[in-house]
Amino acid sequence: MLYLTLVICFFASILLTPLVKKLAFKIGATDKPNQRKVHSRIMPRLGGLAIFLSFLIGILIMNPSNELLGEYHLSIVIGGFIIILTGMLDDVKEISPKVKLLGQIAAAAVVVIYGGLQVEFINLPFGGIIDFGYLSIPLTMIWIIGITNAINLIDGLDGLAGGVSSIALIAIAGMSLITGTPYVAIMALIVAASTIGFLYFNFHPAKIFMGDTGALFLGYIISVLSLLGYKNITFVSLIIPIIILGVPISDTFFAIIRRLVNKQPLSAPDKSHLHHCLLKSGFTHRQTVLLIYFMAALFGLAAFIFSQATVWGSIIVIIALLITIELVVESIGLIRDDYKPLLKLLKGFKPVNVKNR
């Protein structure tokens, strides 16, 4: 039944996207080119509505609320409607960041406060426990809002956010099958199938953008699903969703660092995100997107290796990931062109010449 549902969601998205495209032009949900954007003509957005409608079709067929963790289903869907309405308003009217944030807070509050999804404590790897107490609600909401905005930030090239989100959702589904949480796997695969169908029209050269309707919804659903099944567990296991979402999280993290270093407001837009830097490095639009897909897939693979490793093996994986991320950041100038401490250190390192000893 699941395989048939995924096929239905995939084709539903393909069939619904052209209808949403017509609706976008009709209600003025269009994206005009400017100095920060890479497209050169007026493009319809609102494409995320096709993803969401396909997702609704999928959950109506499967009714995953009967599965383990299905008790969160109603709150997740209600929060999804709130985030979709927020994105649609922004795609049509371009609402202020404060209003957009209020919509994200409302969606997160439904899941966390009404639904009861909260990270209450973490068991430390070498003994002991961290009990978040009253901080469990705000910390869980910060995770949901943070990941929602991280996906939104990488939505800068044709097919980028959709592809990275699909890879993350497939990784989440795979890890959920390992941990025995079928609800998460079903929901993740339904959203992934709906998003991949949309990519038929969104991959370069795109015929429609997903807009904030799609980016906010994907960020919201990924943040919630990545948390389900990983709450009240070990510190090591809690790292898994962070690794899976390594591309959007690291891009957002270094965007904050970049603005602090350059003494710019945190909300200031720029053209120095990961995809911008890769384009400046000489990669084509399509090559940049595929390269970031590859990075996202590597993070997913690293998450799987991390989950199966011993504690010390997990530490080695984390160190290797951090070094790799730092090398990529310095190579493409993600923080600043002259920021290359590790590369300079490696360049200055001279191997010992045995013959001269």
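Residues numbered from 1 in each chain as written. Predicted model: local features only at pLDDT ≥ 70, side-chain atom pairs only at ≥ 80, totals over all residues. Heavy atoms only, no water.

**A closer look at the confidence of the model for the protein**
Argument step 1. Residues of the protein with pLDDT of at least 70 account for 92%, and the chain-wide mean is 88.
Argument step 2. Mean pLDDT values over the elements of the protein span from 75, in strand β3 (residues 121-123), up to 97, in helix α2 (residues 48-62). (pLDDT = per-residue confidence, 0-100. Helix = DSSP H or I, 4+ residues; strand = E, 2+ residues; numbered from the N terminus.)

**Considering the environment of I95**
Argument step 1. Structurally, I95 can be placed in the loop between α3 (73-93) and α4 (97-114).
Argument step 2. Among the residues examined, I95 registers a relative accessible area of 18% and is labelled buried.
Argument step 3. Those residues within four positions of I95 in sequence are excluded, and the remaining contacts are T86, L89, D90 and K100. (Buried < 20%, exposed > 50% of the residue type's maximum accessible area, 1.4 Å probe, protein only. Contact = heavy atoms within 4.5 Å.)

**Comments concerning helix α12 (residues 285-308)**
Argument step 1. Its 24 residues place the ends of α12 36 Å apart at the C-alpha level, agreeing with the 34 Å of an ideal helix rising 1.5 Å per residue.
Argument step 2. Of the residues making up α12, those classed as buried are H285, T288, V289, I292, Y293, M295, A296, F299, G300, A302, A303 and F306. (Expected span 1.5 Å × (residues − 1).)

**Some remarks on the packing of α3 against α4**
Helices that pack against each other are described as a pair by the angle of their axes relative to one another and the distance between those axes.
Argument step 1. Where α3 meets α4, the axes come as close as 8 Å, and the angle between the chain directions of the two elements is 175 degrees. Taken together, α3 and α4 sit at an angle that is classed as roughly antiparallel. The segment α3 lies against α4, with L74, S75, I76, I78, G79, I82, I83, T86 and D90 engaging K100, G103, Q104, A106, A107, V110, V111 and Y114.
Argument step 2. Residues of the contact of α3 with α4, tallied by class, amount to ten nonpolar, five polar and two charged. (Axes fitted to C-alpha atoms, helices over the stretch in contact; angles between N-to-C directions. Parallel < 35°, antiparallel > 145°, perpendicular 65-115°, else oblique. Nonpolar A, V, L, I, M, F, W, Y, C, P; charged D, E, K, R; others polar.)

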